[in-house]
Amino acid sequence: QVQLVESGGGLVQAGDSLRLSCAASGRTFSSYYMGWFRQAPGKEREFVAAITRSSGNTYYADSVKGRFTISRDNAKNTVYLQMNSLRPEDTAVYYCAARFLYGRSWTLASEYDYWGQGTQVTVSS
């Protein structure tokens, strides 16, 4: 079992930056692959980024590639999402997720075992 708590969301203007954090507790954090998803009002939850256990590989949705960076600090049991050049279409609730198995796809929410409660990111134009 692992508990995830996101923080760092807020209201920003287009072009600004934000860094989201997700603090994990419970079983060994370094045992989990970590991901970020987001969900805008009236839309399905969508994949944003994922990172492997030792930060050896990262994966991004095309919509955020080059603007967002996922990273993790296993010593601090924390995964981050650095978001630069934010756009109004990035407005959503952002969720941190953890999975124990490598699985078939980083983008499938169903393959993640644990979820945080979400943090709101609002980007004004």
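Residues numbered from 1 in each chain as written. Predicted model: local features only at pLDDT ≥ 70, side-chain atom pairs only at ≥ 80, totals over all residues. Heavy atoms only, no water.

Describing the overall build of the chain
This is how it is decided: A run of H or I in DSSP counts as a helix once it spans at least four residues, and a run of E counts as a strand once it spans at least two, with each numbered from the N terminus. Every radius of gyration here is taken over C-alpha atoms, with the globule rule written as 2.2 Å times N^0.38, N being the number of residues. A contact between two residues is defined here by any heavy atoms of the two lying within 4.5 Å. What sets the accessible areas is the Shrake-Rupley method with a 1.4 Å probe; for residues, cover comes only from the shown protein chains. As used throughout, the charge tally considers Lys and Arg to be positive and Asp and Glu to be negative, leaving His and the chain termini uncounted. Each charge is placed at NZ for Lys, CZ for Arg, CG for Asp and CD for Glu.
From N to C terminus, the chain includes 0 helices and 11 strands. Walking the chain from its N terminus toward its C terminus, one meets helices and strands in the order β-β-β-β-β-β-β-β-β-β-β. At 13 Å, the chain has a C-alpha radius of gyration in line with the 14 Å of a compact globule built from 125 residues. Oriented by its inertia axes, the alpha-carbon framework of the chain measures out at about 40 × 30 × 25 Å. Within the chain, residue pairs in contact and separated by at least 24 positions form 59% of the contacts whose partners lie at least 6 positions apart. Accessible surface, the chain: about 6200 Å² in total, of which carbon and sulfur atoms supply 46%. Across the chain, 13 positive and 10 negative side-chain charges occur, with their mean positions spaced 5 Å apart.

Things to note about the nonpolar core
Just so we agree on the cut-off: Within this scheme, the nonpolar core is defined by two criteria: the residues are buried Ala, Val, Leu, Ile, Met, Phe, Trp, Tyr or Cys, and they are joined through side-chain atoms within 4.5 Å. When a residue's accessible area, from a 1.4 Å probe over protein chains only, is under 20% of the maximum for its type it is buried; when over 50% it is exposed; and in between it is partly exposed.
Membership of the largest hydrophobic core comes to 38 residues, with the highest contact counts inside it found for Leu4, Met34, Trp36, Val79, Leu81, Met83 and Tyr94. Elements with a minimum of two residues in this core: strand E1 (2–7), strand E3 (18–26), strand E4 (33–39), strand E5 (46–51), strand E7 (68–73), strand E8 (78–83), strand E9 (92–99) and strand E11 (119–124). Beyond its immediate chain neighbours, meaning those up to four positions away, Tyr94 contacts Glu6, Leu20, Trp36, Phe37, Arg38, Val48, Phe68, Leu81, Met83, Gly118, Thr119 and Val121.

Re the sheet that holds E3
Counted only if it meets this: The pairing criterion for strands is at least two bridges between them, as found by DSSP. Orientation is described by lines fitted to C-alpha atoms, with helices fitted over the stretch in contact, and by angles between N-to-C directions that extend from 0 to 180 degrees.
Spatial strand order, E1-E3-E8-E7: 4 strands in an open sheet with antiparallel pairing. This sheet does not close on itself; its edge strands, each paired only once, are E1 and E7. Across the sheet, the axes of successive neighbouring strands diverge by a mean angle of 15°, strand direction being ignored. With 6 bridges connecting them, E3 and E8 associate as antiparallel partners. Counterpart to Ala23 in the pairing with E8 is Thr78.

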